[in-house]
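# Commentary on secondary and tertiary structure
Residue strings, one per chain:
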Amino acid sequence: MPRRLFSAAPLLAALFVGLALATPARAEEPAPRTITISGEGEATAVPDIAYIDTGVVTEGATAAEALAANTEAMAAVFKGLEDAGIEKRDMQTSQFSVYPVYEQMKPEDRPQTPKIGGYRVQNQLTVKVRDLDALGGILDKVVTLGSNQLSGIRFSIDKPRPLLDDARKKAVEDALRKAKLYAGAAGVALGQIMSIAENGGGMPPQPMYMKAMGEMARDSSVPMAAGEQTVSASVTLVIKID
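My aim in this report is to walk through the structure given alongside it, one point at a time. (Residues numbered from 1 in each chain as written. Predicted model: local features only at pLDDT ≥ 70, side-chain atom pairs only at ≥ 80, totals over all residues. Heavy atoms only, no water.)

A few words now on the environment of Ala 45. With respect to the helices, strands and loops of the structure, Ala 45 is situated in strand β1 (residues 34-45). Note: C-alpha distance between Ala 45 and Leu 163 (118 residues apart in sequence) is 7.7 Å. (Helix = DSSP H or I, 4+ residues; strand = E, 2+ residues; numbered from the N terminus.)

What follows deals with the nonpolar core. Ile 52, Leu 81, Ile 86, Val 127, Val 129, Leu 135 and Ile 138 are the most contacted members of the largest nonpolar core, which has 20 residues in total. Secondary-structure elements contributing two or more residues to this core are β2 (49-60), α2 (63-83), β4 (116-129), α3 (135-144) and β5 (149-156). No other element matches the five residues that α3 contributes to this core. Those residues in contact with Ile 138 that sit more than four places away from it in its chain are Ile 52, Leu 81, Ala 84, Ile 86 and Val 129. (Core = buried A, V, L, I, M, F, W, Y, C linked by side-chain atoms within 4.5 Å. Buried < 20%, exposed > 50% of the residue type's maximum accessible area, 1.4 Å probe, protein only. Contact = heavy atoms within 4.5 Å.)

On to α2, then. Between the first and last C-alpha of α2 there are 30 Å, a value that for 21 residues agrees with the 30 Å anticipated at 1.5 Å per step. Among the residues of α2, those classed as buried are Ala 66, Asn 70, Ala 73, Met 74, Val 77, Gly 80 and Leu 81. Seen along its axis, α2 keeps its buried residues to an arc of 115°; they face one direction. Among the exposed residues of α2, those pointing more than 90 degrees away from its buried face are Ala 64, Glu 72 and Asp 83. On its buried face, α2 sits against β2, β3 (91-102), β4 and α3. Following α2 by one or two positions, Gly 85 has its phi on the positive side, about 100°. (Expected span 1.5 Å × (residues − 1). Arc of directions from axis to C-beta.)

Glancing now at the pattern of salt bridges. Inspection of every chain in the model, using the stated rule, returns 13 salt bridges. With a shortest N-O distance of 2.8 Å, Asp 90 and Arg 130 are connected by a salt bridge. Of the two residues, Asp 90 is situated in the loop between α2 and β3 and Arg 130 in the loop between β4 and α3; the sequence distance between them amounts to 40 residues. With its nearest N and O atoms 3.8 Å apart, the salt bridge here joins Asp 166 to Lys 170. With a gap of four residues between them, Asp 166 and Lys 170 both fall in helix α4 (residues 161-186), about one helical turn apart. Take Asp 166: its relative accessible area is 32%, and that puts it in the partly exposed class. Connected through shared salt-bridge partners, Glu 40, Asp 174, Arg 177 and Lys 178 make up one network. (Salt bridge = Lys/Arg side-chain N within 4 Å of Asp/Glu carboxyl O.)

In this section: the pairing of strand β8 (residues 229-241). Counting buried residues along β8, 10 of its 13 residues qualify, which places the element largely inside the surrounding structure. Here β1 runs beside β8; their pairing, made up of 12 bridges, is antiparallel. Paired with Gly 39 across the two strands is Val 235, which belongs to β8. (Pairing = 2+ DSSP bridges.)

Below you can see the structure in the form of structure tokens.
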């Protein structure tokens, strides 16, 4: 009589299903209780660099005439800056434009097409000054040499990372201080820190707008005050509470 062959797979599958049904479901662990708190920190230092936005604006009957006058004046400004110790890497053209200047029209002449009375060339330069003690003399020099446009000065920190790291530490300390305060008031104990997230921080530039160009040209010793620069940081902590 031939033997009947059979597979054990269906039997094993049924056995596993039975065991699964017989095993009680494990209760899910409750999510840990946490407190989420933010902290802010600041660090202050005296700026050690400055950025000057200066340039030359010229006009002429033709675009070529205006450009030639502008080129001559800007060449003198570049040369003066180099003589004052400013390196080429610290000078960057930030704007250059040539556009027509229209003649003023009398009310009775309108609406005739405006006529071009000349051209204006503007060459704007951003200069990084690393020696703030020389800043006043540099400003006087560029104005004397022909710069007739000075839109502002921005003081900054050349290497802000250590200052920002100090602000970050203070931000964490501030968050922990608040967390302890809230935990004590709520009657709970602080546990381990679950996460730390930086919310952002920065060192906004501090513009300083200058006196009129005519006044500066008459003053051979332009007074400068750098003041202080503040760097800020903000963090958010998620802390387990018991």
